[in-house]
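Residue-level listing of the chains:
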Amino acid sequence: MKLKSLSLSHYRNYDSVKLDFSDEVNILIGINAQGKTNLLEAIYCLAMAKSHRTSNDKELITWGEQFSHIEGDLAYRHGVIPLSLTISSKGKKAKVNHLEQKRLTEYIGHMNVVLFAPEDLNLVKGSPQIRRRFIDMEIGQISAVYLNDLSNFQRILKQKNHHLKQLKLSGNTDTTMLEVLNEQFAEYAVKLTQRRKSFIEKLEELALPIHQGITKQKENLKLQYVSSLEYIDDAQAMIEACLTLLNKESKREIERAQSLFGPHRDDITFAINDIDVQTYGSQGQQRTTALSVKLAEIELINLEVGEYPILLLDDVLSELDDLRQTHLLTTIQHKVQTFVTTTSVDGIEHETINRAKLFNVSDGHISTN
């Protein structure tokens, strides 16, 4: 898939702009704090109906304006469809081919993006929350069912935690309501856990040869989904095992006033040659692991939806050494539409960069060479 054009109205520091893009590489170049990342964020928003930088939608609307509007023409193998997203104090309105979508879960997935920014290097060494967010965002792009299950799980988790706090404060020993919530909790916890584990197994299969290529066959990469629940292939058997655990640990959960088990507690581990990268890996190994996972993500989305996603590289080339830069640029060459933000392309000698379309960004104004 390719984003042919993008129009913005009252988006951050862009009052009004319309751009036409190359099907291959588009470089947004300029000094810091001019709006390069805002453009990448707008593309991400058009795909995911949310920002990757803030949870406060008001920040996306130009100061003093009532709404922000993003619109783009997305080309598939079989045609072009317009997408649009309007953000206001009343919420979000998303349209596909001019038809308003009743729920955002029905909108997300039409346009697939992979974002790689300097903070994504924290995917390996950062907190488990970062890795859980990564896996939820990526599966959510390719599965509306997963997004719906995740929404239901988060709603039930909130209800359960609230009830656990009430039980602790009141000293009430009647756990009837907690048992009902646990049944609902277990159903969705198992769905998420099984889908996540399957996703990580596929990602590992694709990341291994990529990582071997970057390291000249010296390193083998392993990914593992670490669940706080006993994993069983059979969903019903796993639900029953989950309920047994929750009932057994109900007193401890009440004492702590929080849910101690479930996908909200899970993590991903990374190992190189069977050694934990998070704890013992060098910074170079951690960065190579993050890069391998991101490149594998591109291939996985292509396998799942039959189209390569759009790649967003936010000031990440400067964070990679020559070897990793070259491998990244060679991998995406001629097959993945890519948007790059950078302060300079000096010193980057690669055909992909030399053929790119350049956009000069200065204080919310954009010009092309």
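Figured I'd write up the structure that's included with this text. (Residues numbered from 1 in each chain as written. Predicted model: local features only at pLDDT ≥ 70, side-chain atom pairs only at ≥ 80, totals over all residues. Heavy atoms only, no water.)

1. Focus on the side chain of Ser84
Next, step 1: Relative to the helices and strands, Ser84 resides in strand E5 (residues 79–88).
Next, step 2: By relative accessible area, Ser84 is classed as buried at 9%.
Next, step 3: For Ser84, the residues in contact, after removing those within four places along its chain, are Leu46, His69, Ile70, Glu71, Lys93, Ala94, Lys95 and Tyr107. (Helix = DSSP H or I, 4+ residues; strand = E, 2+ residues; numbered from the N terminus. Buried < 20%, exposed > 50% of the residue type's maximum accessible area, 1.4 Å probe, protein only. Contact = heavy atoms within 4.5 Å.)

2. Quick word on the sheet that holds strand E6 (residues 91–96)
Next, step 1: Taken in spatial order, the six strands make up an open sheet running E2-E1-E4-E5-E6-E7, and their pairing is antiparallel. With partners counted over all chains shown, the strands left at the sheet margins are strand E2 (14–20) and strand E7 (99–100), one partner each.
Next, step 2: With 10 bridges connecting them, strand E4 (residues 67–76) and E5 associate as antiparallel partners. Bridge pairing in E5 places Tyr76 opposite Gly79.
Next, step 3: Across the sheet, helix H1 (residues 36–48) is in contact with strand E1 (2–11), E2, E4 and E5; its angle to E1 comes to roughly 110°. (Pairing = 2+ DSSP bridges. Axes fitted to C-alpha atoms, helices over the stretch in contact; angles between N-to-C directions.)

3. Quick word on the packing of helix H4 (residues 128–142) against helix H6 (residues 176–214)
Next, step 1: Remark: H4 packs on H6, axes separated minimally by 11 Å, with the N-to-C direction vectors making an angle of 90°. By the angle between their axes, H4 is roughly perpendicular relative to H6. Across the interface between the two elements, Arg132, Phe134, Ile135, Asp136, Glu138, Ile139 and Ile142 of H4 pack against Arg195, Arg196, Phe199, Ile200 and Leu203 of H6.
Next, step 2: Of the residues assigned to the contact of H4 with H6, the class counts are seven nonpolar, no polar and five charged. (Parallel < 35°, antiparallel > 145°, perpendicular 65-115°, else oblique. Nonpolar A, V, L, I, M, F, W, Y, C, P; charged D, E, K, R; others polar.)

4. Side note on H6
Next, step 1: Helix length check: H6, at 39 residues, gives a terminal C-alpha distance of 55 Å against a target of 57 Å (1.5 Å per residue), a fit within 8%.
Next, step 2: The largest bend along H6 reaches roughly 30° and is located at Ala207, with the proline Pro209 sitting one to four residues downstream. (Expected span 1.5 Å × (residues − 1). Bend = angle between axes of the 7 residues up to and from the residue.)

5. Some words on the nonpolar core
Next, step 1: Counting 65 residues, the largest nonpolar core has Ile135, Phe199, Ile200, Leu203, Phe270, Leu311 and Leu328 as its most contacted members.
Next, step 2: Both domain 1 (1–112 + 307–368) and domain 2 (125–306) contribute no fewer than three residues apiece to this core.
Next, step 3: Excluding anything up to four places from it in sequence, Ile200 contacts Ile135, Leu223, Gln224, Tyr225 and Ile268. (Core = buried A, V, L, I, M, F, W, Y, C linked by side-chain atoms within 4.5 Å. Domains from an automatic or database assignment.)

6. A short note on helix H7 (residues 235–248)
Next, step 1: Counted at 1.5 Å a residue, the expected span for H7 with its 14 residues is 20 Å, and the 20 Å between its end C-alpha atoms agrees.
Next, step 2: Taken together, the buried positions of H7 are occupied by Met238, Ile239, Cys242, Leu243 and Leu246. Taken around the axis of H7, the buried residues stretch over an arc of 140°, which confines them to a single face. Exposed side chains of H7 directed beyond 90 degrees from the buried face belong to Thr244 and Lys248.
Next, step 3: Buried residues along H7 sit against helix H5 (144–170), H6 and helix H8 (250–256). (Arc of directions from axis to C-beta.)

7. Description of the layout of surface pockets
Using a probe with the size of a water molecule, rolled over the atoms, empty space left in the structure can be pinpointed.
Next, step 1: Looking at the largest pocket, its volume works out to about 720 Å³.
Next, step 2: If you go around the largest pocket, you meet 23 residues; those closest to its centre are Lys50, Asp136, Met137, Leu150 and Gln154.
Next, step 3: Of the residues in the lining of the largest pocket, the class split is 11 nonpolar, six polar and six charged.
Next, step 4: Counting only domains with at least three residues in the lining of the largest pocket, you end up with domain 1 (1–112 + 307–368) and domain 2 (125–306).
Next, step 5: In this structure, the second largest pocket occupies an estimated 350 Å³ of space.
Next, step 6: What lines the second largest pocket is a set of 17 residues, among which Leu115, Asp120, Arg133, Phe134 and Lys294 lie closest to the centre. (1 Å grid on protein atoms, 1.4 Å probe; cavity = no way out; pocket = protein on both sides within 12 Å on 5 of 7 lines; lining within 4 Å. Points joined across faces, edges and corners; volume = space filled by probe spheres on them.)

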